Protein chains: 2
Amino acid sequence: MKIEHFVAQSEGTWRSMRSSHSLAFQQFEEVLSEIHIKKVTPEEPEVIELLKSSAKQDCIPVSPFTMEWKAESDWESDDPSAVASGCCLLVPIPASTERGVILRSLGYAEAQEAISNYQFLSDGTFVLSTKYGQSLAEERIWFVSKHVRCRSSVIRTSEGSGVLQTSFASEVRQLTE
Amino acid sequence: MKIEHFVAQSEGTWRSMRSSHSLAFQQFEEVLSEIHIKKVTPEEPEVIELLKSSAKQDCIPVSPFTMEWKAESDWESDDPSAVASGCCLLVPIPASTERGVILRSLGYAEAQEAISNYQFLSDGTFVLSTKYGQSLAEERIWFVSKHVRCRSSVIRTSEGSGVLQTSFASEVRQLTE
């Protein structure tokens, strides 16, 4: 199962450099952060709870994991609602080797529970699409080496095809001695 | 032919927001620029010259084009060799619908003639790989709507898998009245 492999590759602590582009205002924003990705067991009460609240209790989750992040600097942000740290539970439910859905306890574009569709492109790039109330987000993650991955996102309005914001993160695995 | 379609989609004037990440030093750099992409005819002397100098004079080019760029600001650059403007001729030679090579009069990672391999991923993402003397560059371009495209790059050392620099550009088509 590709998603299992992807989660296993992603596990660990990552140092992230992230740039976001606000297209309408041509504004840049830069954030340095640390990200922890950790597998949890499918029997975890939080996993069962999230399956239930998404009416997916009859589905079989594969490689659920948590993602924790902590920003170290956000010196150019002028958005007071920017969240400096947080934690999110992600529960993949594959439909096939290439695609499926991921339940998220916290969305990426909006802070609410969300269900994302995922698929793997022909070169292994992981693409995640999420529909929120006001917006659509597409995220892509690809490994450029074992310890370096790239992550991009595009957020657009759910009505029409206006692109609001893009972002790009370069993530380097922190190796512990 | 996919490359024809891709070049046709790319033609025009783009306003680009570009961030680059220097991974070793955790440095960000931001550049606003304008990019002009324009098809040229295969009979153009520059196209014939580039085919010859690459020993590809017997190959049939498809949709050759020029890319011109001009930076409007580069306020965080501390690299005196950063080029603020330039022009590059690109000559695609498809091997199949999905892949081929592109001759470049000027490389991306190093300022010299270069031959890139290209391929299209399953969702249409265009991936370009170039081997230079000292480095390997991978660029990806994908359209998020008709008038917005994203472009990422990863530059690594040609010996070993050290990733030196990544970049990401959000490009919005400038519509002329």
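Residues numbered from 1 in each chain as written. Chains lettered and ligands numbered in written order. Predicted model: local features only at pLDDT ≥ 70, side-chain atom pairs only at ≥ 80, totals over all residues. Heavy atoms only, no water.

What about the overall build of chain A?
Across its full length, chain A carries 2 helices and 10 strands. Scanning chain A from its N terminus toward the C terminus, one meets helices and strands in the order α-β-β-α-β-β-β-β-β-β-β-β. By the compact-globule yardstick of 16 Å for 177 residues, chain A fits well, its C-alpha radius of gyration being 16 Å. Each of the 177 residues in chain A was classed as buried or not, and the buried ones make up 47%. When contacts within chain A are restricted to residue pairs at least 6 apart in sequence, those whose partners lie at least 24 apart make up 49%. Within the structure as shown, chain A displays about 8600 Å² of accessible surface, and the carbon and sulfur contribution to it stands at 52%. Looking at chain A, you have 17 positive and 25 negative side-chain charges, and the mean spots of the two groups are 6 Å apart. (Helix = DSSP H or I, 4+ residues; strand = E, 2+ residues; numbered from the N terminus. Rg over C-alpha atoms; globule rule 2.2 N^0.38 Å. Buried < 20%, exposed > 50% of the residue type's maximum accessible area, 1.4 Å probe, protein only. Contact = heavy atoms within 4.5 Å. Areas by Shrake-Rupley, 256 points an atom, 1.4 Å probe, with all protein chains shown as cover. Lys, Arg positive; Asp, Glu negative; His and termini not counted. Charge placed at Lys NZ, Arg CZ, Asp CG, Glu CD.)

Structural notes on the interface of chain B and chain A
On the chain A side, the residues contacting the 37 residues of chain B number 37 residues. Summed over both sides, the interface of chain B with chain A buries roughly 3000 Å², with 63% coming from carbon and sulfur. Among the residues of chain B in contact with chain A, Met 17, Gln 26 and Phe 28 of chain B are the three that bury the most area, contributing 23% of the side total. Joining chain B to chain A, the criterion identifies 2 salt bridges. Two residues, Asp 123 of chain B and Arg 140 of chain A, come together in a salt bridge whose shortest N-O distance is 2.5 Å. If you look at where chain B meets chain A, you find 17 residue pairs in polar contact (both at pLDDT 80 or more). If you list the elements that add at least two residues to the side of chain B that touches chain A, you get β1 (12-22), β2 (27-39), β8 (135-145), β9 (148-157) and β10 (163-173) of chain B. Ranked by the residues each element gives to the side of chain B that touches chain A, the list is headed by β10 of chain B, at 7 residues. Grouping the amino acids of the side of chain B that touches chain A by side-chain chemistry returns 16 nonpolar, 13 polar and 8 charged. (Buried area = accessible area lost by both parts, 1.4 Å probe. Salt bridge = Lys/Arg side-chain N within 4 Å of Asp/Glu carboxyl O. Polar contact = N/O pair within 3.5 Å; in protein donor to acceptor, adjacent residues only side chain to side chain. Nonpolar A, V, L, I, M, F, W, Y, C, P; charged D, E, K, R; others polar.)

What about the pattern of salt bridges?
Residue and element names in this part refer to chain B. Overall, the coordinates contain 14 salt bridges over all chains when judged by the stated rule. Two residues, Arg 149 and Glu 171, come together in a salt bridge whose shortest N-O distance is 2.7 Å. Of this pair, Arg 149 sits in strand β9 while Glu 171 sits in strand β10; the two residues are 22 residues apart in sequence, bridging distant segments of the chain. One salt bridge in this structure joins Arg 151 and Glu 171, with 2.7 Å as the shortest N-O distance.

Focus on the relation of the copies chain B and chain A
Superposing chain B onto chain A takes a rotation of 180 degrees combined with a translation of 0.0 Å along the rotation axis, leaving an RMSD of 0.0 Å. The symmetry that links the two subunits is that of a two-fold axis. Taking C-alpha positions as reference, the residue of chain B nearest the rotation axis is Ser 122 of chain B, located at 2.6 Å. The overlap is high: 100% of the interface residues of chain B also sit at the interface in chain A, so the same surface is used on both sides. (Least-squares fit on C-alpha atoms with pLDDT ≥ 70 in both.)

Structural notes on the confidence of the model for chain A
Counting all residues, the mean pLDDT for chain A is 90, and 90% of those residues have values of 70 or more. The ipTM value of the predicted complex is 0.89, and its pTM value is 0.90. (pLDDT = per-residue confidence, 0-100.)

What about the state of the cysteines?
Following the criterion strictly, the structure yields 0 disulfides over all chains and no others. In this structure Cys 150 of chain A is not part of a disulfide, and its nearest cysteine sulfur, from Cys 150 of chain B, lies 13 Å away. Judged by relative accessible area, Cys 150 of chain A falls into the buried class, the value being 0%. (Disulfide = S-S within 2.5 Å.)

Points about unusual backbone geometry
For residues besides glycine, phi is generally negative; the peptide bonds are generally trans as well. The backbone phi angle of Gln 26 of chain A is positive, close to 50 degrees, even though this residue is not glycine. Following the sequence through the fold, Gln 26 of chain A ends up in the loop between β1 (12-22) and β2 (27-39).

A short note on the packing of aromatic side chains
Going through the model one piece at a time under the given rule, you end up with 18 aromatic pairs over all chains. Each ring, one from Phe 120 of chain A and one from Phe 126 of chain A, has its centre 5.2 Å from the other, and the planes form 50 degrees; the classification is tilted. Relative accessible area serves as the criterion here: at 3%, Phe 126 of chain A is assigned to the buried category. Consider the rings of Trp 142 of chain A and Trp 142 of chain B, whose centres lie 6.0 Å apart with planes at 85 degrees: the pair is edge-to-face. Of the two residues, Trp 142 of chain A sits in strand β8 (residues 135-145) while Trp 142 of chain B sits in strand β8, which places them in two different chains. One aromatic cluster in this structure is built from Phe 6, Trp 14, Tyr 118, Phe 120, Phe 126 and Phe 143 of chain A. (Phe/Tyr/Trp six-rings, centres within 6.5 Å; stacked < 30°, edge-to-face > 60°.)

Quick look at the pairing of β9 of chain B
Residue and element names in this part refer to chain B. Judged by how many residues are buried, β9 sits mostly within the fold: 8 of 10 residues are covered. What sits between the antiparallel neighbours β8 and β9 is a turn of 2 residues. Where β9 and β10 come together, 9 bridges link them in antiparallel fashion. The residue bridging Arg 149 from the neighbouring strand is Glu 171, located in β10. (Pairing = 2+ DSSP bridges.)

A look at the pairing of strand β4 (residues 85-94) of chain A
Residues and elements named next belong to chain A. The buried fraction of β4 is high, at 7 of 10 residues. Bridge count for β4 against strand β5 (residues 99-104) is 5 bridges, and the pairing is antiparallel. Of the residues in β5, the one forming a bridge with Pro 94 is Gly 100. Here β4 folds back onto β5 in antiparallel fashion, the turn holding 4 residues.

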